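Working through the structure, step by step
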Amino acid sequence: RDQAIERFRREARAIARLASPHTVRLFDFGVSDAGSPFYVMELLDGLDLHSLVERFGPLPPERAVAVLRQACRSLAEAHQAGLLHRDVKPQNVLLCRLGLECDVAKVVDFGLARSVGAGEAQITAEGAVTGTPAYMPPERVLGEPGDERSDVYALGGVAFFLLTGRAPFTGEPMAVMIHHVRTPPPLPSSLA
């Protein structure tokens, strides 16, 4: 339990350093009197990309590119701060309304994040294979730590989903992870 609480605190401190308008803002964090960790984050008025596509269908390429560029800015800042998201997927990118602005992308859920760099402590357990199989980069499937390119690979899977309405590979989780290692993804134009 103490190790989990410490990982939670390190994650919260790492997220709190991020200031991109395309990253969910963390206002406070701590551990309640009952011993439960908590975050105080901004309230977002929007819909995650998975729900959006499920409800309205694939996005037109121009809109998908606009959303992805914003997600790239969030991840770029996280990477510059030495933080890997490690669970980039449609459910972790929200399309929000902020004031008069619509279609503002916000990257959320840094729960599997990992600090990178010499001497940095892991936020998740050492050697754990974590993430979502449909968007997991090959190096993570193979148990390697990965780097910034891992998040970019997963964001490519999100782009595929936005344009086609499905993940690059589907099926049983283990089979999907093996596909990420061995199989080139289909062209989005072959499905949409």
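You'll find the structure just up there.
Residues numbered from 1 in each chain as written. Predicted model: local features only at pLDDT ≥ 70, side-chain atom pairs only at ≥ 80, totals over all residues. Heavy atoms only, no water.

1. So, the overall build of the protein chain
The condition that has to hold: Only DSSP runs of H or I covering at least 4 residues are called helices, and only runs of E covering at least 2 are called strands; the numbering of each starts at the N terminus. Only protein chains enter the accessibility calculation, which uses a 1.4 Å probe. A residue is then buried if its area is under 20% of the maximum for its type, exposed if over 50%, and partly exposed in between. We call two residues in contact when some of their heavy atoms are within 4.5 Å. Note on areas: Shrake-Rupley, 1.4 Å probe, and residue coverage restricted to the protein chains presented here. For the purpose of counting charges, residues Lys and Arg are taken to be positive, whereas Asp and Glu are taken to be negative. His and the chain ends are not included. Working definition for charges: the position is that of NZ of Lys, CZ of Arg, CG of Asp or CD of Glu.
A count of helices and strands for the protein chain gives six helices and seven strands. Reading the helices (α) and strands (β) of the protein chain from amino to carboxyl end gives α-β-β-β-α-α-β-β-β-β-α-α-α. Judged by the C-alpha coordinates and their principal axes, the protein chain covers about 50 × 45 × 30 Å. Taking all 192 residues of the protein chain together, 43% fall into the buried category. Contacts spanning at least 24 positions in sequence make up 64% of the contacts within the protein chain whose residues lie at least 6 apart. Working note: accessible area of the protein chain is about 10100 Å², and carbon and sulfur atoms make up 55% of it. Across the protein chain, 20 positive and 23 negative side-chain charges occur, with their mean positions spaced 1 Å apart.

2. Considering the state of the cysteines
We count it as follows: The disulfide criterion used throughout: a pair of cysteine sulfur atoms within 2.5 Å.
One pass over the full model with this rule turns up zero disulfides. Here C102 stays unpaired: no disulfide links it, and the sulfur of C96, its closest cysteine neighbor, is 10 Å away. With a relative accessible area of 48%, C102 lands in the partly exposed category.

3. Remarks on the environment of H79
In this fold, H79 is placed in helix α3 (residues 61-80). Judged by relative accessible area, H79 falls into the buried class, the value being 13%. As for H79 and A113, which are separated by 34 residues in sequence, their C-alpha atoms are 11 Å apart. Apart from the residues lying within four places of it in its own chain, the contact partners of H79 are L84, E148 and D151.

4. Looking at the packing of aromatic side chains
Where we set the bar: Pairing of aromatic rings covers Phe, Tyr and Trp, the last through its six-membered ring, and needs centres within 6.5 Å; plane angles under 30 degrees mean stacked, over 60 mean edge-to-face, and all others mean tilted.
Under the counting rule described, the total for this entry stands at two aromatic pairs. With a centroid separation of 6.5 Å and 75° between ring planes, the pair formed by F8 and F29 is classed as edge-to-face. One end of the pair, F8, is in helix α1 (residues 2-16); the other, F29, is in strand β1 (residues 26-31), and 21 residues separate them in sequence. Given a relative accessible area of 11%, F8 falls into the buried group.

5. Points about the pattern of salt bridges
Note the following rule: Each reported salt bridge corresponds to a side-chain nitrogen of Lys or Arg within 4 Å of a carboxyl oxygen of Asp or Glu.
According to the stated counting rule, one finds four salt bridges in the structure shown. The salt bridge partner of D103 is R63, with a shortest N-O separation of 2.8 Å. Of this pair, D103 sits in strand β6 (residues 101-107) while R63 sits in helix α3, and the two are 40 residues apart along the sequence. Using a relative accessible area of 27% as the deciding quantity, one classes D103 as partly exposed. Residues R149 and D147 are paired through a salt bridge, measuring 2.6 Å at the closest nitrogen-oxygen approach.

6. Remarks on the packing of α3 against helix α5 (residues 148-164)
Stated precisely, the cut-off is as follows: The angle between two axes is taken between their N-to-C directions and runs from 0 to 180 degrees, where each axis is a line fitted to C-alpha atoms and a helix contributes only its stretch in contact. Angle categories: roughly parallel below 35 degrees, roughly antiparallel above 145, roughly perpendicular from 65 to 115, and oblique for all the rest. Crossings are classed by handedness, with left-handed meaning an anticlockwise turn of the near helix from the far one by less than a right angle and right-handed meaning a clockwise turn. Amino acids are sorted into nonpolar (Ala, Val, Leu, Ile, Met, Phe, Trp, Tyr, Cys and Pro), charged (Asp, Glu, Lys and Arg) and polar (every other residue, Gly among them).
One way to put it is that α3 packs onto α5 with a least axis distance of 10 Å and a crossing angle of 160°. By the angle class used here, α3 and α5 are roughly antiparallel. You can see that α3 and α5 cross each other, and the crossing is right-handed. For the pair α3 and α5, the contacting residues are P61, A64, V67, L68, A71, C72, L75 and H79 in the first and E148, D151, L155, V158, A159, L162 and L163 in the second. Of the residues contributing to the contact of α3 with α5, the split by class is 12 nonpolar, one polar and two charged.

7. A word on the sheet that holds strand β5 (residues 93-98)
Just so we agree on the cut-off: The criterion for strand pairing is that DSSP finds at least two bridges linking the strands in question.
The strand order across the open sheet formed by three strands is β3-β5-β6, and the pairing between neighbours is antiparallel. Whereas interior strands pair on both sides, the edge strands pair on one side only; in this sheet they are β3 (46-48) and β6. For this sheet the average axis-to-axis angle between neighbouring strands, irrespective of direction, equals 25°. Looking at chain direction, β5 and β6 are connected through five bridges and run antiparallel. Pairing of V93 across the sheet is with V107, part of β6. Against the sheet, helix α2 (residues 49-56) engages β3 and β5, with an angle of about 90° to β3. Packing against the sheet, α3 makes contact with β5 and β6, and its axis sits at approximately 45° to β6.

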